[in-house]
Amino acid sequence: MERKVWRRPLTEVQKFEANEYVAACGDSGVVYNFECNAGNRRDSYNVYYDDGRPLASSNGNEEWYAQFTGYHPCHAIHTAESDSGFYDGYMYLQDWRGNNTGNPIDVVIWTDRGTNVHCTTNLDMDSWETEKS
């Protein structure tokens, strides 16, 4: 008679180690980090798209079709999706009546999908700090 030997069942566990990058949904976009640094905090500015349309203005002649009233820089660092409303433009310092004074200042404008206005004088978006979305 042959005798059978009982053995304790063995469980083999393997540790998963990712060795390839797999993109998740929405991982193809770029998120920019930039400073809203165009201008002095205590001053107001009229902001225009590159084609001359006003975006932010307190001037009585433009206010009816300007999207926002005068711009004031907040000097905060903003994190923004690349498709959330970046435009090339320029701005003028306002006088006490809201009229343009001085020379135009070239800026990149971020509108946060049309909800606010932030401008930077760093015109080279390729130099901005980025992250994956």
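Structure: above.
Described below are features of the structure shown in this document. In this text the structure is predicted, and so the values were computed from the model without any measurement.

**Observations concerning the overall build of the protein chain**
Line of reasoning, step 1. Along the backbone of the protein chain there are 0 helices and 8 strands.
Line of reasoning, step 2. Intrachain contacts of the protein chain at a sequence separation of at least 6 include 64% that bridge at least 24 residues.

**Side note on the sheet that holds strand S2 (residues 45–49)**
Line of reasoning, step 1. Read from one edge to the other, the open sheet built from 5 strands follows the order S3-S2-S5-S6-S7, with strand pairing classed as antiparallel. The sheet is open, and its two edges are formed by strand S3 (54–56) and strand S7 (118–120), each paired on a single side. Strand-to-strand twist in this sheet, taken as the mean axis angle between neighbours without regard to direction, amounts to 45°.
Line of reasoning, step 2. Where strand S6 (residues 100–110) meets S7, 3 bridges bridge the pair, whose relative direction is antiparallel.

**Quick word on the state of the cysteines**
Line of reasoning, step 1. This structure, assessed with the given rule, holds 0 disulfides.
Line of reasoning, step 2. Cysteine 74 supplies the cysteine sulfur nearest to cysteine 36, a cysteine that is in no disulfide, at a spacing of 3.7 Å.
Line of reasoning, step 3. No disulfide involves cysteine 119; its sulfur sits 6.4 Å from the nearest other cysteine sulfur, which is in cysteine 36.
Line of reasoning, step 4. The exposure class of cysteine 119 is buried, given its relative accessible area of 0%.

**Observations concerning the side chain of threonine 120**
Line of reasoning, step 1. Within the secondary structure, threonine 120 sits in strand S7.
Line of reasoning, step 2. A distance of 3.1 Å separates polar atoms of two side chains, one belonging to threonine 120 and the other to asparagine 37.
Line of reasoning, step 3. Polar side-chain contacts of threonine 120 include one of 3.2 Å to the backbone nitrogen of asparagine 122.
Line of reasoning, step 4. Threonine 120 has contacts with Phe34, Glu35, Asn37, Ala38, Asp106, Val107, Val108 and Trp128, leaving out every residue within four places of it along the chain.

Thresholds, definitions, all that
- Residues numbered from 1 in each chain as written.
- Predicted model: local features only at pLDDT ≥ 70, side-chain atom pairs only at ≥ 80, totals over all residues.
- Heavy atoms only, no water.
- Helix = DSSP H or I, 4+ residues; strand = E, 2+ residues; numbered from the N terminus.
- Contact = heavy atoms within 4.5 Å.
- Pairing = 2+ DSSP bridges.
- Axes fitted to C-alpha atoms, helices over the stretch in contact; angles between N-to-C directions.
- Disulfide = S-S within 2.5 Å.
- Buried < 20%, exposed > 50% of the residue type's maximum accessible area, 1.4 Å probe, protein only.
- Polar contact = N/O pair within 3.5 Å; in protein donor to acceptor, adjacent residues only side chain to side chain.

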